[in-house]
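What follows is each chain in one-letter form.
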Amino acid sequence: MESSRRAFNQQAALSAAGFLFAPKLALAANDKPAILGGTPIAKASWPGWPVIGAGERDGVAKVLDSGDWYRYAGSKGTVDAFEAAWAKTLGVAHCQATSSGTTSLVTAFASLEIGPGDEVIVPPYTFIATINAVMLHHALPVFVDTDETTAQIDPSKIAERVNGDTRCVVPVHLGGGCCDMDQLLAIAKEKNLNVVEDSCQTHTGEWKGKRLGTLGDAGCYSFQNSKNITSGEGGAMVTPRADIYARANAYQNQGGGKVPTDGKFTAGGGNFRLTNFQGAILVEQLKRLDEQSRIREGNAEYLSRLLQEIGGVGAKKTVPGNTRNGYHLYVFDYDPAQFAGMKKATFLKALGAEGVPASGGYAALNKAPWVEKMLASRHYKRIYGDQRLKKWREENVLPANDRMIETAIWLTQNVLLADRSEMDRIGDAVRRIKQHASAIAKA
Ligand SMILES: *Cc1c(COP(=O)(O)O)cnc(C)c1O
């Protein structure tokens, strides 16, 4: 009784003030921020991930009962079904399933015969797997700076890093978007470089109506637990080229590929096979992909407009030509000058206190101690020589990427699956932090 009366009084007051139909929590932006003891704005629970349905459960049970748990040469199991469905979804000729996104990249590089002595152009703002896949082949990753406005590789800076040993460029479609792919593909053509798209974060992204991952020689996808379709672990390499597909198919199965495993191995390789359990789950996950992606896209566009209204915060740009963004991540940044010089760690803490699950994203991979350790190894010294490695170190200065990392903030794809009203709450949280920026920055 007591509480309902209070609610009624509150409602009446709001109504009198003309606020009844205003967004539910717009007023709360004026209140004390949660990090300073106020009530969190966005304490709703966020959509869980992965989404699990009856289809996944049935599919896995069927594989279990069949006993055909692994994918063998000539099989007609769920992995085969998923490969066909994924190729059809993307509109690409060939799809080779692999055990992970990392092994799809490893398989792509192997299929392009990239190895020791070869140089591969990569961005510094990516998951470490992109670089690991290059280094597993003892090729040399050569970093090119980031475009701060997009968080993608800056295509205008690729040409200056190309030399006679450069074989390949790897655009990582960070967060689900992409750089100007016409520009990148033109440079690759001019310099005679292969293009491997790291599409692990963009399952629905498009360039001028064509799916990202199908524009170059090979496109690599991940189905790891956090990705926009998932089987826990898993991956796929797609390609329009029959020769690349044949090599990839052999490579992921000890060099045997579709040839029955009777000892007639035609090439080297490894075991990078996906299992039928994973295939069964992916077939089902794929059915939800488009609908979920449309929700993410709508919410992302809405949130971007909200942030723009607030000022001092803004989403990373989706470049013209990037007709659909896959939104594995929603990346935005804030201008510390408009937030009383607030440090990123403090901004993140303040957002977290309001109930917004934001993270700080990647560190600069070109400066990772691990990369330097590899370059200093006897293998890399022997392959590339002191002079090349000295030049590599001299050129490994990426100021735009360093700057961007200072203020880049991430929301993950499941956040974008929430109701539209939750986007308002994210906006309210940011607005509140801005209003109380000097108190927060000092605390
Ligand atoms: C997830 C991811 C990978 C690696 O995928 P795994 O399936 O985890 O091996 C590679 N590159 C990028 C950009 C990724 O986000």
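Everything quoted here is computed from the prediction, not taken from an experiment.

Visitor: Whenever I open this one, the packing of aromatic side chains confuses me. Can you help?
Guide: Where two aromatic rings form a pair, the distance of their centres and the angle of their planes describe that pair. On inspection of all chains with the given rule, the structure shows 17 aromatic pairs. Summarising the aromatic geometry, the rings of Trp 86 and Phe 223 are spaced 6.0 Å apart at their centres and angled 80° between planes, so their arrangement reads as edge-to-face. Remark: Phe 223 occurs in the loop between β10 (218-222) and β11 (235-239) and Trp 86 occurs in helix α3 (residues 78-90); sequence separation between them is 137 residues. Consider the rings of Phe 339 and Phe 347, whose centres lie 5.4 Å apart with planes at 80°: the pair is edge-to-face. Each of the two residues, Phe 339 as well as Phe 347, counts as buried. Members of the aromatic cluster, each reached through a chain of ring pairs, are Phe 82, Trp 86, Tyr 221 and Phe 223.

Visitor: Just checking my understanding: could you explain the pairing of strand β2 (residues 119-122) for this structure?
Guide: Where a strand is regular, its side chains alternate between the two sheet faces. The alternating pattern of β2 places Glu 119 and Ile 121 on one face and Val 120 and Val 122 on the opposite face, and all of these are buried. For the segment spanning β2, helix α5 (residues 129-135) and strand β3 (residues 140-143), crossover handedness is right-handed.

Visitor: What is the right way to read unusual backbone geometry from this model?
Guide: What is expected of a backbone is that most residues other than glycine have negative phi and most peptide bonds are trans. Residue Pro 50 is bonded to the preceding Trp 49 through a cis peptide linkage, with omega at 0°. The phi dihedral of Glu 113 falls on the positive side, at around 55°, and the residue is not glycine. Mapped onto the secondary structure, Glu 113 falls in the loop between α4 (101-111) and β2.

Visitor: Before we go on, may I ask you to explain the sheet that holds strand β12 (residues 313-315) in this structure?
Guide: The strands making up a sheet associate through hydrogen bonds between their backbones, and the pairing can be parallel or antiparallel. Pairing is antiparallel across the open sheet formed by 3 strands, whose spatial order is β12-β13-β14. In the strand order of this sheet, the two ends are held by β12 and β14 (408-412), each with one partner. Mean inter-strand twist for the sheet, computed between neighbouring axes without regard to direction, equals 30°. Sheet analysis places β12 next to strand β13 (residues 329-334), joined by 3 bridges and oriented antiparallel. Within the sheet, the bridge partner assigned to Ala 315 lies in β13 and is Phe 332. Across the sheet, helix α9 (residues 344-353) lies against β12, β13 and β14, angled at about 30° from β14, the strand it touches most.

Cut-off values and rules
Residues numbered from 1 in each chain as written. Predicted model: local features only at pLDDT ≥ 70, side-chain atom pairs only at ≥ 80, totals over all residues. Heavy atoms only, no water. Phe/Tyr/Trp six-rings, centres within 6.5 Å; stacked < 30°, edge-to-face > 60°. Helix = DSSP H or I, 4+ residues; strand = E, 2+ residues; numbered from the N terminus. Buried < 20%, exposed > 50% of the residue type's maximum accessible area, 1.4 Å probe, protein only. Right-handed = clockwise from strand over helix to strand, strands pointing away. Pairing = 2+ DSSP bridges. Axes fitted to C-alpha atoms, helices over the stretch in contact; angles between N-to-C directions. Contact = heavy atoms within 4.5 Å.

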